[in-house]
Amino acid sequence: MEVPVKVWALLVLLSVCLKTVLCFSNGKVEQACDDMTPEHGHQSSPHPPPYSITVDKSKFSPLEQIKVTLSAVPSENKAHFKGFLIEARNASNPNAGPVGCFTLLDPEISQLLRCNDREGAAVSHTSEVSKTEVQVIWTAPQDPPSSVQFQVTVVQKYKLYWVRIQGPVVSLNDAPPLPPLPTAGQSVAKTTTAASILSDAFTSDDCGIKKSCLREPAGCDPWKDALCYFLSFRTEDASVVFELSGPAPGYISFALSTDKWMGEDDVYLCIKEDDRVDISAAYVQGRTHPVIASENVLRDTAWRLADGVIQCRFRRNIRIPATYQNRSDLGEAHYLFMAHGRAEGGRTHRHDRQPLISTNPVLITGLPEDLTGSRSHLLIKFHAVFMLIAWMTTVSTGVIIARYFKPDWAETTLCGQRVWFQFHRALMLVTVLLTCIGFILPFVYRGGWSKRAGSHPYLGCTVMALALIQPIMALFRPAPDTSRRYVFNWLHLGTGMIAQVIAVVAICLGIHQQALLLPAPWSTGVLAGYVVWFVLADLVLEVHRRGLFSIGQFVKSFEIHTENIQTEDREEILFVPSENESYIKVRHCKYYATLLLLILSRKINLIKFFFLVLGALF
């Protein structure tokens, strides 16, 4: 029964641990009703939009309906779009907010938004599925302005979008004509200098001599090793030149932080986009996506893509004017974070591994040095070690001793108590002690509760509670001969089994935590192999205990020919003679020493001794 229960619990808890990414792909963008700008941290594309807005009427009356169509220009390649926001504005005062209300024609791809306390004042997408056309119905208000212009923001991908594309203007019947208005897609893009392409890969030759370097593995050279994660920096006049390299599917980055925790950090990103690399500065507030800086603080940017390795180089002034927000002073000491991961459409996803963090704060403008760092904190490693020893070793041994060795050691005592009970109690107390220590360490490391660890901490708290309940329950257990003893036995057994199953599931989830950094898939295979071994051993012992399979019946009559055994040896062994030969048979454990001497003297081989021991035991 234990195997199906463990598998079922593991599947349920794994399903709970599925990670989700919070974003605006669902189109709930009411916060963008006023300026119609996506919160993507980038600027609107300066290129003409490959989309058009059309209406079926040029004149309207109060409460009259107009069909509005947003469509991709057929002649443009890849002119689909994923997100959109459609509004109708007063053509004379477009910043006054939306007017009128919309009605949906296809609720599967469009939805109504509430803007300025008016339901249906805008229309947006429902998902990030690619679209080529959207149609909606706009209804004029009871007291409309003389002229209305339709505007739309279109998102093709995360970093590529057009804000407030100017659509057609429709006029109230008998209204005077308006002066000419902008026609389409006017927006301001940030000023950047085109990055050059690096001719060669970076090298670690001058690390610790002319430049400081943070590397993983320690001492690696990006010139020779494609798996080398490399960050170097050197001071030149009033600026610092940074070099960043590493294998990554989407981006590599580093951050300057005042502590060892992600949040409120100065971040620098090298994001792969098709066949080029976009180099930018960003800022992380809390454990969220980096927000790209609107100010360009980087210069002399260069990049290189080769064999899955992203490399970038840029220069930044040591001190940045106060008008440039969230930029660190390079004249101060900071912890260095190196991270990498996937990116899609210019949007970075959570890093694939725990960031590489420098061991100590580093003065960027200080003397060159070869830095050290780690992806896994020592406290987390001890947490894993204590929990593995407790729930994969001491608990398992204690359960087996109490369950299967009690009959064999029924009368043997140690310090006034039965041997099996002393061993069982000692092992379980060690389990509780290790669990308590291991439970405290992550809170010391994190400084509180971790919201990024999924179900693992919740399961750990449950195991901790059950582990404390067990010894408390044992202190108040009734005497063995009382009528209520069976209640304690079942509660003790049930609580222990539940704790062990949940602990195994928690460990299975814990070995995949980024903060632990265990080698995959070997860690999963080793853990799974141990669990399978324990379950099988438990099943074999249980079957044997119930008398369904007795190993002794196959070896209890195994006899060894002893015609060459010395007479003095025969006197130490209980033997049974037959008609033609003499044989010996082991009956009790007290003969093991004599048999061992026979093995050492080569008068009996090891295989025969093994079967004799099995026969004596079973």
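Thresholds applied
Residues numbered from 1 in each chain as written. Predicted model: local features only at pLDDT ≥ 70, side-chain atom pairs only at ≥ 80, totals over all residues. Heavy atoms only, no water. Helix = DSSP H or I, 4+ residues; strand = E, 2+ residues; numbered from the N terminus. Buried < 20%, exposed > 50% of the residue type's maximum accessible area, 1.4 Å probe, protein only. Contact = heavy atoms within 4.5 Å. Areas by Shrake-Rupley, 256 points an atom, 1.4 Å probe, with all protein chains shown as cover. UniProt positions renumbered as here; feature names shortened; annotations may be inferred. Disulfide = S-S within 2.5 Å. 1 Å grid on protein atoms, 1.4 Å probe; cavity = no way out; pocket = protein on both sides within 12 Å on 5 of 7 lines; lining within 4 Å. Points joined across faces, edges and corners; volume = space filled by probe spheres on them. Nonpolar A, V, L, I, M, F, W, Y, C, P; charged D, E, K, R; others polar. Pairing = 2+ DSSP bridges. Axes fitted to C-alpha atoms, helices over the stretch in contact; angles between N-to-C directions.

**Remarks on the overall build of the chain**
Each helix and strand counted, the chain has 10 helices and 31 strands in total. With 618 residues in all, the chain has 44% of them scored as buried. In the chain, the share of contacts with a sequence separation of at least 24, taken over all contacts with a separation of at least 6, comes to 62%. Accessible area of the chain: about 33,400 Å², with a carbon and sulfur share of 59%.

**Remarks on the UniProt feature "transmembrane region" (unreviewed entry) in the chain**
Mapped onto this structure's residue numbering, the UniProt feature "transmembrane region" (unreviewed entry) falls at residues 384-405, 426-445, 457-476, 488-512, 524-541 and 591-617. In residues 488-512, the share of helix is 92% and the share of strand is 0%. The end C-alpha atoms are 37 Å apart. Between the end C-alpha atoms of residues 524-541 the distance is 26 Å, and the span holds 100% helix and 0% strand.

**Considerations on the state of the cysteines**
Scanning the entire structure with this criterion turns up four disulfides. For C33, the disulfide goes to C115, at an S-S distance of 1.9 Å. The S-S bond linking C33 to C115 shows a torsion near -50°; that makes this disulfide left-handed. Pair noted here: C33 is in the loop between α1 (2-16) and β1 (51-55) and C115 is in strand β6 (residues 110-115), with a separation of 82 residues, a long-range link. Assessed through its relative accessible area of 3%, C33 is described here as buried. Note on cysteine connectivity: C270 is disulfide-linked to C312, with sulfurs 1.7 Å apart. Handedness here is read from the sign of the S-S torsion; for C270 and C312, about 70°, the answer is right-handed. With C270 in strand β16 (residues 265-273) and C312 in strand β20 (residues 309-317), this pair connects stretches of sequence that are 42 residues apart.

**Focus: the layout of surface pockets**
Approximately 1,600 Å³ is the volume found for the second largest pocket. Looking at the second largest pocket, it is lined by 45 residues, and the ones nearest its centre are A402, R403, H424, H492 and L493. Secondary-structure elements contributing two or more residues to the lining of the second largest pocket are α1, α2 (378-404), β28 (417-418), α3 (419-446), α4 (456-475), α5 (485-510) and α6 (522-545). Considering each element in turn, the lining of the second largest pocket owes the most residues, 10 residues, to α5. Residue composition of the lining of the second largest pocket, grouped by class: 25 nonpolar, eight polar and 12 charged.

**Description of the environment of K157**
With respect to the element layout, K157 can be found in strand β9 (residues 147-157). For the pair K157 and E128, spaced 29 residues apart in the sequence, the C-alpha separation amounts to 9.2 Å. In contact with K157, not counting residues within four places along its chain, are D274 and G345.

**Things to note about the pairing of strand β12 (residues 212-216)**
Along β12, five of the five residues are buried, which leaves the element largely enclosed by surrounding structure. Where burial is concerned, the two faces of β12 agree: the one with S212, L214 and E216 and the one with C213 and R215 are both buried. Sheet analysis places β12 next to strand β13 (residues 229-236), joined by five bridges and oriented antiparallel. Within β13, the residue paired with S212 across the bridge is F233. As paired strands, β12 and strand β25 (residues 370-371) are joined by two bridges and run parallel to one another. Note on β25: the bridge partner recorded for L214 is L371.

**Let's talk about unusual backbone geometry**
Following E216, the chain continues into P217 via a peptide bond in cis, with omega recorded as 0°. Among the secondary structure elements, P217 is positioned in the loop between β12 and β13. Positive phi, close to 50°, is recorded for R164, a residue that is not glycine. Among the secondary structure elements, R164 is positioned in strand β10 (residues 160-172). Take R164: its relative accessible area is 15%, and that puts it in the buried class. Despite not being glycine, D237 shows a phi value in the positive range, around 60°. Within the secondary structure layout, D237 lies in the loop between β13 and β14 (239-247).

**Let's talk about the sheet that holds strand β3 (residues 65-72)**
Spatially, the four strands line up as an open sheet ordered β1-β3-β8-β5, and their pairing is antiparallel. Strand pairing shows two members of the sheet lacking a second neighbour, β1 and β5 (101-104), which therefore form its edges. Here the average twist between neighbouring strands, direction ignored, is 30°. Where β3 and strand β8 (residues 133-139) come together, seven bridges link them in antiparallel fashion. If you follow Q65 over to β8, its bridge partner there is T139.

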